[in-house]
Amino acid sequence: MPSGISTLAADAPTWSAANTGFMLICSALVMLMTPGLAFFYGGMVRVKSTLNMLMMSFVSLGIVTILWVLYGFSLAFGTDHGSLIGWSGDYVGLSGIGITELWDGYTIPVYVFAVFQLMFAVITPALISGALADRVKFSAWALFITLWATAVYFPVAHWVWGSGGWLFEMGVIDFAGGTAVHINAGAAALGVILVIGRRVGFKKDPMRPHSLPLVMLGAALLWFGWFGFNAGSWLGNDDGVGAVMFVNTQVATAAAMLSWLVYEKLRHGACTTLGAASGAVAGLVAITPAGGSCSPLGAIAIGAIAGVLCAMAVGLKFRFGYDDSLDVVGVHLVGGVAGSLLVGFFATGGVQSDARGLFYGGGLEQLGKQAVGVFSVLAYSLVVSALLALVLDRTMGMRVDEDIEVSGIDRHEHAETAYDFSGAGGGTGSREALPAPGEIRAVAAAQNKKVDA
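Residues numbered from 1 in each chain as written. Predicted model: local features only at pLDDT ≥ 70, side-chain atom pairs only at ≥ 80, totals over all residues. Heavy atoms only, no water.

**Student:** Would you mind going over the packing of aromatic side chains in detail, with residue names and values included?
**Tutor:** According to the stated counting rule, one finds 26 aromatic pairs in the structure shown. Here Phe 73 and Tyr 91 contribute two aromatic rings whose centre-to-centre distance is 4.7 Å and whose plane-to-plane angle is 40°, an arrangement assigned as tilted. With Phe 73 in helix α2 (residues 50-77) and Tyr 91 in the loop between β2 (85-86) and α3 (110-128), this pair connects stretches of sequence that are 18 residues apart. Like Phe 73, the residue Tyr 91 is buried in the burial classification. Taking 4.2 Å as the distance between ring centres and 15° as the angle between the ring planes, the aromatic pair formed by Phe 120 and Phe 229 counts as stacked. (Phe/Tyr/Trp six-rings, centres within 6.5 Å; stacked < 30°, edge-to-face > 60°. Helix = DSSP H or I, 4+ residues; strand = E, 2+ residues; numbered from the N terminus. Buried < 20%, exposed > 50% of the residue type's maximum accessible area, 1.4 Å probe, protein only.)

**Student:** I'd like a description of the nonpolar core, backed by residues and values.
**Tutor:** Counting 113 residues, the largest nonpolar core has Phe 73, Leu 132 and Trp 161 as its most contacted members. Top contributing element to this core by residue count: helix α4 (residues 138-161), with 16 residues. Core analysis: the next-biggest nonpolar cluster, separate from the first, contains 14 residues, Ile 287, Ala 290, Val 343 and Ala 347 among them. (Core = buried A, V, L, I, M, F, W, Y, C linked by side-chain atoms within 4.5 Å.)

**Student:** Explain the packing of helix α12 (residues 328-346) against helix α13 (residues 365-395) residue by residue, including any values.
**Tutor:** Between α12 and α13, the shortest axis-to-axis distance is 7 Å and the interhelical angle comes to 160°. As judged from the angle between their axes, α12 and α13 are roughly antiparallel. With respect to the hand of their crossing, α12 and α13 are arranged in right-handed fashion. Facing α12, whose interface residues are Leu 333, Val 337, Ser 340, Leu 341, Val 343, Gly 344 and Phe 345, α13 presents Gln 366, Leu 367, Gln 370, Ala 371, Val 374 and Leu 378. Residue composition of the contact of α12 with α13, grouped by class: nine nonpolar, four polar and no charged. (Axes fitted to C-alpha atoms, helices over the stretch in contact; angles between N-to-C directions. Parallel < 35°, antiparallel > 145°, perpendicular 65-115°, else oblique. Left-handed = near helix turned anticlockwise from the far one by under 90°. Contact = heavy atoms within 4.5 Å. Nonpolar A, V, L, I, M, F, W, Y, C, P; charged D, E, K, R; others polar.)

**Student:** Outline the pattern of salt bridges, listing residues and values.
**Tutor:** Per the counting criterion, the structure on display carries seven salt bridges. Residue Asp 134 pairs with Arg 46 through a salt bridge whose shortest N-O separation is 3.1 Å. Of the two residues, Asp 134 sits in the loop between α3 and α4 while Arg 46 sits in the loop between α1 (17-44) and α2, which places them 88 residues apart along the sequence. Assessed through its relative accessible area of 16%, Arg 46 is described here as buried. Between Glu 365 and Lys 369 there is a salt bridge, and its shortest N-O distance comes to 3.5 Å. One end of the pair is Glu 365 and the other is Lys 369, both in helix α13 and four residues apart, which spans about a single turn. Here the salt bridges share partners, and the residues they tie into one network are Arg 46, Asp 134, Arg 135, Arg 199 and Asp 323. (Salt bridge = Lys/Arg side-chain N within 4 Å of Asp/Glu carboxyl O.)

Structure below.
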């Protein structure tokens, strides 16, 4: 993603209504991805955790929005300090920005750039929530989002996209968030689950998705919104780079979905809807950093590779014993690493920059830069996220009590349940909602007495 760069006054671009409108639409599409993620995750959990899973994504829209306005945008995209963090007083509270002031070097207002980047900041911590399903206090999660966005996301966004950020200046290519969003969130998820531990019944009880239609709906909304996420990250529509990214987003996602299904068929004997949805998301993740530097054929290769790698990776939690509830590590961390590193192989040098990958005569230079970006973000996010989770767990406690987890976190944390079948006339949401056999017999006996009378 381009960031603010200095230009000579004579060469400074002028405001573009077309690019401004395009970027506002892209911002709305990225906002839609967070509710889409909520549906995607919400369908994958058991009935008793559905609302909690939806809320863990949805609350990020509230918390991160306020943080971004107060100081997040300044930390991520303010004037560079030591290549590690930004800060500009005019960006605090977004109070010193003129309504016609352009983002440096581009044809869109600062406000438009800020709101587009806000939507990235919102969805990134929401991604983490899928690894923590069924067992985290909602209040602890809300505080974790606040601390994590401040200590991890805002600094990493500056490293990767901020003018002066050390990874940006090094030449690490991350078109729309492979490192700053997906590796960042995936590593954070791993760090937190290593602290809080496994769900009750992990590897013993069935924990199947309660609503695959919700999963497919969520995946479709993510796929749709991702066009804004990716194509919008060029911050304009003047030179065709965003169009290439749009095409690459579609073809890589298709390739990943198909490769996941092929792997699933060969390994398990069936092509599942959950596999199709997960494969699509894996492709979207992998093409996010790479799609602005490769050709459509390269995008197909990246998607196909990511689909297989992520399909293989989701089973690692059972081998190594970490409870990644909804495969955030297997899809977002592995997919983000794969897509970011594959830039070093498939970059053509003819799209977003002249950087070439190994397959296009560029040698190992770009691959080395990508590796630095991948593993520095991974390590930083993993360690800091684990430390934040440890502090919260030792102070307020991150997990609900075991009996609450077993009976259902929705009713305790939100005083609601996802489905009310009391007026359905036959179906019920769970076995617990059925009357006991003794109650059925008592009702029948009372009705018989009334008839006899």
